[in-house]
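Spelled out from the first residue to the last, the chains are:
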Amino acid sequence: MKEQIISLVETALDTLRQRGDLPDQPRPPVQVERTRDKQHGDFATNIALMLAKPAGRKPRDVAEALLAALPESPLVSKAEIAGPGFINFFQAGNYLQDQLKAALADDKLGIAPAARAQTVVVDYSSPNLAKEMHVGHLRSTIIGDAVTRTLEFLGHTVVRQNHVGDWGTQFGMLLAYLEEQQDQAELSSELSDLENFYRAAKQRFDESPEFADRARSLVVMLQSGDAHCLKLWHDFNQVSLNHCFEVYQRLGVSLTPADVRGESAYNPELPVIVAALEQAGLLVESDGARCIFLDDFTTRDGQPLPVIVQKADGGYLYATSDLAALRYRAQTLGADRILYFVDQRQALHFQQVFQVARLAGFVPETTALEHMGFGTMNGPDGKPFKTRAGGTVKLVDLLSEAEDRALALVSSKNPALDQDDLMQIASTVGISAVKYADLSKHRTSDYIFNFEQMLSFDGNTAPYLLYAYTRVASIFRKADVAPDSLTAPITTDDERELALANNLLQFGEVLQSVADKGQPHLLCTYLYDLAGQFSGFYEHCPILGADSEALRDSRLQLAWLTARTLRQGLSLLGITTLERM
Ligand code: ARG
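Note on numbering: residues in each chain are counted from 1, in written sequence order. The predicted nature of this model means local features are confined to residues of pLDDT at least 70 and side-chain atom pairs, given and counted, to a pLDDT of 80 or more, with totals for whole chains, interfaces and linings taken over all residues. The side-chain numbers reported here are obtained from all heavy atoms of the structure, hydrogens and water having been left aside.

Peer 1: What is the right way to read the site of the ligand from this model?
Peer 2: One heavy atom within 4 Å of a molecule or strand makes the whole residue count as near it. Residues in contact with the ligand, as listed here, are Asp 123, Ser 126, Asn 128, His 163, Tyr 318, Asp 322, Tyr 340, Val 342, Gln 346 and Phe 350. In the analysis that follows, any N or O atom pair within 3.5 Å is treated as a polar contact, provided that within protein one partner can donate a hydrogen and the other can accept it, and provided that, for residues neighboring in sequence, both atoms belong to side chains. Between the ligand and Asp 123 there is a distance of 2.7 Å, counted from a nitrogen atom to a side-chain nitrogen or oxygen. For the ligand, a nitrogen atom lies 2.7 Å from a polar atom in the side chain of Tyr 318. Coverage of the ligand by the protein amounts to 87% of the 340 Å² it exposes when considered alone. Any residue outside Ala, Val, Leu, Ile, Met, Phe, Trp, Tyr, Cys, Pro, Asp, Glu, Lys and Arg is labelled polar, Gly included; the first ten of those are nonpolar and the last four are charged. In the shell around the ligand, the residues fall into 4 nonpolar, 4 polar and 2 charged. Areas reported here follow the Shrake-Rupley algorithm with a probe of radius 1.4 Å; residue values treat only the protein chains shown as occluding.

Shown next, in the form of structure tokens:
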């Protein structure tokens with residue numbers, strides 16, 4: 001509805017411009033907002049106030065001219081001027097009902113696919129394979145996945161890119177250790193805990209000079225494509241990737257092996273990238289290293305801050321493979337938009353490589369590059385989350401603890417559940433609690449990880465929403481009606497019915513902002529409000545005890561649309577609903 005009003009206003013503005021009633025110059029975008037007080041219409045715009053000054057006219061005059069030029073629309077019953085020059089729009093009475101009916105009849109809840117479908121490349125999760133996934137990878141994985149699902153729901157083509165760190169000097173140490181261990185039969189059990197494996201390798205490296213030498217020579221051999229080294233390297237990465245996929249599966253994350261395109265995939269391109277930068281006249285040699293100096297980037301005391309693409313010893317860097325990845329994504333994958341869900345602390349890196357990629361012509365102006373940075377997940381002390389012993393917390397351990405705690409919680413609330421149901425419910429509640437706690441926070445802020453809070457049934461949490469969904473679902477079990485058989489008109493005479501109906505129809509706008517801004521918390525807030533609004537409606541507007549069958553069926557339809565919106569919204573967040581809990 002908002003979009004339709006914006007386009008009506010734009011048409012009117014074009015008419016005025018053609019007639020010479022408004023100056024022919026660039027103007028600010030038309031903003032249309034939903035009003036709070038429905039007595040003054042359902043939508044309002046301040047465009048006349050924005051245009052008055054540049055046009056040298058009074059805001060109310062501009063508003064009047066605009067009203068006169070506004071095309072007729074079946075969606076708008078009335079438009080009028082308010083205050084200093086706002087224009088208020090009243091949506092046509094049957095509009096609400098038509099939209100609700102259309103949403104009910106549609107698998108996608110009446111949300112039209114994007115007018116211009118884009119190819120969006122989303123870089124997310126992207127852990128380093130030298131170690132096991134730890135809590136630092138949770139945010140990228142979960143937030144990236146939610147935005148990816150939302151983009152797909154809106155009709156965009158998404159290419160997932162899991163840019164795993166599968167290359168670098170630490171692999172020499174790991175391969176040397178792997179080589180030593182391979183003589184022993186217990187290799188697979190050694191590798192079952194990559195964290196320990198890494199630690200043991202590091203210890204050998206620090207203690208034994210021969211081992212360290214072997215590690216260094218293995219790096220050189222690996223880089224020159226030695227078959228034995230490549231095999232060890234490949235085996236190791238396979239084991240590490242299996243760990244990742246175990247985590248993705250437990251988390252319900254949609255990444256597949258086909259989405260993995262690690263740093264090493266760009267190795268053959270790196271010399272080409274450096275040559276192209278040279279050709280573009282961007283390279284400067286500094287102490288033997290090859291760098292790019294950008295005017296916009298200096299240290300605090302004004303020293304230039306170079307992007308290094310090749311070290312003096314010939315080695316390439318993180319930035320070099322990211323430049324190759326940018327070129328691949330823009331040119332081979334044909335991205336209209338490339339999103340990076342990576343820790344906020346890498347913001348400078350992305351600003352730099354984005355700029356270099358544009359200057360070198362790897363990425364056209366028309367491709368949007370967006371670093372969707374996120375803050376740190378902290379422990380109760382406000383410092384980065386650690387184990388009691390001060391180590392990094394492995395993601396698998398965190399998820400297991402969440403499930404254990406959920407099990408205790410669910411069985412205490414519902415002791416009669418049989419064991420299988422209990423385990424399944426506990427796992428859903430535990431995992432969704434962890435995911436939702438993360439998704440519901442503003443992406444760029446740090447947050448404190450707190451099991452008690454995320455598992456609470458009160459407040460903006462997964463258990464609250466899952467429970468709200470089961471409550472709506474249970475109405476249908478009790479009523480014993482098939483939702484699709486309900487045909488009564490939907491009435492919204494009670495203000496709570498009206499508020500609920502209006503909110504239900506905002507789902508599409510919310511998804512649009514999640515997709516634009518990469519901020520799933522907007523969807524969380526929306527679902528939380530929706531669940532709250534439903535409670536208010538449910539308390540004050542009896543459904544099964546309604547005064548007439550028509551009213552009952554009208555309310556059942558509002559309830560059904562609420563249930564489906566909650567379920568769809570949670571599913572876009574990567575959370576599956578339960579029918580009972
Ligand atoms: N592997 C990196 C890390 O763990 C993240 C990679 C993000 N993606 C990228 N294209 N740089 O910090």
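Peer 1: Whenever I open this one, the pattern of salt bridges confuses me. Can you help?
Peer 2: Once their charged atoms are close, side chains differing in charge can pair, the charge on each being opposite to the other. The salt bridge definition used is simple: a Lys or Arg side-chain nitrogen within 4 Å of an Asp or Glu carboxyl oxygen. One pass over the full model with this rule turns up 27 salt bridges. Between Arg 329 and Asp 123 there is a salt bridge whose closest N-O contact spans 2.9 Å. Of the two residues, Arg 329 is situated in helix 12 (residues 318-332) and Asp 123 in strand 5 (residues 119-123); the sequence distance between them amounts to 206 residues. Residues Arg 329 and Asp 123 agree in their burial class; the two are buried. Three or more residues are tied together by salt bridges with common partners; here these are Lys 2, Glu 33, Arg 34 and Glu 509. Helix and strand definitions follow DSSP, with helices as H or I runs of at least four residues and strands as E runs of at least two, each counted in order from the N terminus. Each residue's exposure class comes from its accessible area (1.4 Å probe, protein chains only) as a fraction of the maximum for that residue type: buried when under 20%, exposed when over 50%, partly exposed otherwise.

Peer 1: What is the right way to look at the pairing of strand 8 (residues 289-292) in this model?
Peer 2: Regular strands place their side chains on alternate faces of the sheet. Following DSSP output, two strands are said to pair if at least two bridges run between them. Pairing analysis gives 3 bridges linking strand 7 (residues 284-286) to strand 8, with the strands arranged antiparallel. Counterpart to Glu 285 in the pairing with strand 8 is Arg 290. Between strand 7 and the antiparallel strand that follows it, strand 8, lie 2 residues; Asp 287 among them carries a positive phi value of about 50 degrees. Of the strand pairs in this sheet, strand 8 and strand 9 (residues 307-310) are connected by 3 bridges, and their pairing is antiparallel. Along strand 9, the bridge assignment pairs Cys 291 with Ile 308.

Peer 1: Sorry if this is basic, but what is going on with the environment of Ser 427 here?
Peer 2: Its location among the elements puts Ser 427 in helix 15 (residues 419-439). With relative accessibility at 27%, the residue Ser 427 sits in the partly exposed group. For Ser 427 and Val 410, which are 17 residues apart along the polypeptide, the C-alpha to C-alpha distance reads 10.0 Å.

Peer 1: What should I look at first to understand the sheet that holds strand 6 (residues 157-161) in this one?
Peer 2: Strand pairs in the sheet, formed through backbone hydrogen bonds, run parallel or antiparallel to each other. One open sheet holds the 4 strands; their spatial order is 6-5-10-11, and the pairing between them is parallel. Edge positions in the sheet fall to strand 6 and strand 11 (368-371), since each of these pairs with one other strand and no more. Averaged over all adjacent pairs, the angle separating strand axes in this sheet is 15 degrees, with direction ignored. Where strand 10 (residues 337-340) meets strand 11, 4 bridges bridge the pair, whose relative direction is parallel. Each residue of the ladder has a partner; that of Arg 337, found in strand 11, is Ala 368. The contact criterion used throughout is that any non-hydrogen atoms of two residues lie within 4.5 Å. Throughout, an axis means a line fitted to C-alpha atoms (over the contacting stretch in the case of helices), and angles, computed between N-to-C directions, take values from 0 to 180 degrees. Along the sheet, helix 13 (residues 347-359) makes contact with strand 10 and strand 11, crossing strand 11 at roughly 170 degrees.

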